[in-house]
Amino acid sequence: MPDVAMWGKALTVMPRITKQDWDGLDIVSRWLIATRSAVIIMTFTSAAFAGLLAAKAGQFDALLFALVTAGLCLPHATNNLVNDLTDYWKGVDQGNYFRTQYGPQTVHDGFLSVKQLLLYTALTRAEEKVTVVATPDAVRLAVGRPAQRASGLAARLAHFFCERLLDHFLTE
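Draft legend 1. Spotlight on the overall build of the protein chain. The helix and strand tally for the protein chain stands at eight helices and zero strands. Counting only residues that meet the buried cut, the protein chain has 30% of its 172 residues in that class. Just so you have it, the protein chain exposes about 11,100 Å², and 64% of that area is on carbon and sulfur atoms.

Draft legend 2. Local environment of unusual backbone geometry. Despite not being glycine, Arg36 shows a phi value in the positive range, around 55°. Within the secondary structure layout, Arg36 lies in the loop between helix 3 (27–34) and helix 4 (37–56).

Draft legend 3. Geometry of the packing of aromatic side chains. A full pass over the atoms with the stated rule returns two aromatic pairs. Geometrically, the ring pair formed by Trp22 and Phe111 is stacked, given 5.2 Å between the ring centres and 15° between the ring planes. Pair noted here: Trp22 is in helix 2 (residues 19–23) and Phe111 is in the loop between helix 5 (62–90) and helix 6 (114–125), with a separation of 89 residues, a long-range link. Since its relative accessible area comes to 5%, Phe111 is described here as buried.

Draft legend 4. Structural view of the side chain of His76. With respect to the helices, strands and loops of the structure, His76 is situated in helix 5. With near-sequence residues (within four places) excluded, His76 lies in contact with Val39, Ile40 and Thr43.

Draft legend 5. Focus on the environment of Gln20. With respect to the secondary-structure elements, Gln20 resides in helix 2. For Gln20, a relative accessible area of 69% gives the class exposed. Sequence spacing of Gln20 and Phe111 is 91 residues, and the spatial spacing of their C-alpha atoms is 9.1 Å.

Draft legend 6. Seen up close, the packing of helix 1 (residues 4–12) against helix 4. At their nearest, the axes of helix 1 and helix 4 sit 5 Å apart, and the two run at 65° to each other. Judged by residue contacts, Ala10, Leu11 and Thr12 of helix 1 engage Ser37, Ala38 and Ile41 from helix 4. Classifying every residue of the contact of helix 1 with helix 4 gives four nonpolar, two polar and no charged.

Draft legend 7. Examining the nonpolar core more closely. Within the largest apolar cluster, 15 residues are counted, with the highest numbers of intra-cluster contacts made by Ile17, Trp22 and Ile33. The set of elements that each furnish at least two residues to this core consists of helix 1, helix 3, helix 5 and helix 6. Counting residues per element, this core draws most heavily on helix 3, which supplies three residues. Not counting chain neighbours up to four residues away, the residues in contact with Ile33 comprise Met6, Ala10, Pro15, Ile17, Trp22, Leu25 and Pro104.

Draft legend 8. Seen up close, the pattern of salt bridges. On inspection of all chains with the given rule, the structure shows two salt bridges. A salt bridge links Asp84 to Arg36, with the shortest nitrogen-to-oxygen separation between them at 2.5 Å. One end of the pair, Asp84, is in helix 5; the other, Arg36, is in the loop between helix 3 and helix 4, and 48 residues separate them in sequence. As far as the burial class goes, Asp84 and Arg36 line up, both buried.

Draft legend 9. Here's a closer look at the confidence of the model for the protein chain. On average, residues of the protein chain carry a pLDDT of 78, and 69% of them reach 70 or more. Averaged pLDDT values for the elements of the protein chain fall to 65 in helix 7 (residues 136–144) and rise to 90 in helix 4.

Conventions adopted
- Residues numbered from 1 in each chain as written.
- Predicted model: local features only at pLDDT ≥ 70, side-chain atom pairs only at ≥ 80, totals over all residues.
- Heavy atoms only, no water.
- Helix = DSSP H or I, 4+ residues; strand = E, 2+ residues; numbered from the N terminus.
- Buried < 20%, exposed > 50% of the residue type's maximum accessible area, 1.4 Å probe, protein only.
- Areas by Shrake-Rupley, 256 points an atom, 1.4 Å probe, with all protein chains shown as cover.
- Phe/Tyr/Trp six-rings, centres within 6.5 Å; stacked < 30°, edge-to-face > 60°.
- Contact = heavy atoms within 4.5 Å.
- Axes fitted to C-alpha atoms, helices over the stretch in contact; angles between N-to-C directions.
- Nonpolar A, V, L, I, M, F, W, Y, C, P; charged D, E, K, R; others polar.
- Core = buried A, V, L, I, M, F, W, Y, C linked by side-chain atoms within 4.5 Å.
- Salt bridge = Lys/Arg side-chain N within 4 Å of Asp/Glu carboxyl O.
- pLDDT = per-residue confidence, 0-100.

Okay, here's the thing in structure tokens:
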């Protein structure tokens, strides 16, 4: 059963929960907590600001806004998951490590296995579908390499928004 109250809590604070609490949560609550969605609000705020500027310029496009917002927030969520996994593999997710002070460490605390965290990561970052066929060592090697994305989307979006802002300020 969906726990909408927990969704709201996970979007505003890093909930301190136990393994027993985790086991009773719905999948959305688990994803929101695992991705540290409370800090993704910062990324959403940037997208919202851009949306407001576009609206002020009379250029707001709801579909483009939704795509840009998802295109910013989902990679942030993916980064948080990968960061947790890297910290776990390096053994820093324990004791007085600063991240242990404000939120659950999903793998270290036993909420998710490494395999489950990798699945969350794949689903958060997936563009079309996810198929993982590899040994654990091959997955570790792949995750350890820096990501290189070259879709050109960032440059196209920057050009689009800069062009709109320039048009707005030059025509006033």
